[in-house]
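# Close look at the chain arrangement
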Amino acid sequence: LRELANELRKTQYAFFIPLFIERMRAAGAQHAVIESIRHTAEVAMLKKHGGILLVIDADRRLRYDRIVARGSATDMIDYDTFVMEEEREWYGAEGAHDMNLVAVMQQADYTIKNEGTRVELHAKVDEALARIEASAA
C-alpha cells in the first residue's frame, strides 16, 4: 500500500484528503477522523478544508511491542526490520512524494503521547476534543 500511495502522490500529493472530505459530506457528517496522514501536502489540504491535525504518538519500542502483541500476519517482523521500515516513513527516504512523518508531526495542532492504557488514551483524546470544540466556539 505504501508504494501505491506514493505513486498517487507523485501526480496528486493530497489525493486522499479531498476524497475523504467528499465522502464525509456525502454521508451528511459534520466531523470525521482521517487516520494516517503521512505527507505534508495532505496536512495542507486538511487545514485548507478547516481540518485540525491531532497527532497520537508513542515510544518506538512501545509501538513495536503493541503491533507484535496484536498478532496479525503482517505484524510478525523483527524489531530491526520494523525500525528500518519506520525510518523510511519518518524521513521521506524516497523523495518528495514519499511519506514524511516527522514533518507532518511538526505541523500538529494537538499532540497526544499514547504510552499508557487505552483508558488513559481515551481520556486524553476526550480532553483534546473538548479543547478543539472550545476553540471553535
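Residues numbered from 1 in each chain as written. Predicted model: local features only at pLDDT ≥ 70, side-chain atom pairs only at ≥ 80, totals over all residues. Heavy atoms only, no water.

## Structural notes on the pattern of salt bridges
As a reminder, the rule being used: Put simply, a salt bridge is a Lys or Arg side-chain nitrogen that is within 4 Å of an Asp or Glu carboxyl oxygen. By definition, any uninterrupted DSSP run of H or I lasting at least four residues is a helix, any uninterrupted run of E lasting at least two residues is a strand, and each is numbered from the N terminus. Exposed residues in this analysis have more than 50% of their type's maximum accessible area, buried residues have under 20%, and partly exposed residues fall in between, with area computed by a 1.4 Å probe over protein chains only.
Per the stated rule, a full pass over the model turns up nine salt bridges. Arg 63 is the partner of Glu 86 in a salt bridge, and the nearest nitrogen-oxygen pair spans 2.6 Å. With Glu 86 in helix 5 (residues 79-91) and Arg 63 in helix 4 (residues 60-70), the pair connects residues that are 23 residues apart, well separated along the chain. The buried category is assigned to Glu 86, whose relative accessible area is 9%. Close ionic contact of Glu 115 with Lys 113 constitutes a salt bridge, the shortest N to O distance being 3.8 Å. Given the relative accessible area of 42%, Glu 115 is considered partly exposed. Among the residues examined, Lys 113 registers a relative accessible area of 42% and is labelled partly exposed. Each of Asp 57, Arg 60, Arg 63, Glu 86, Glu 87, Lys 113 and Glu 115 takes part in one network of salt bridges that share partners.

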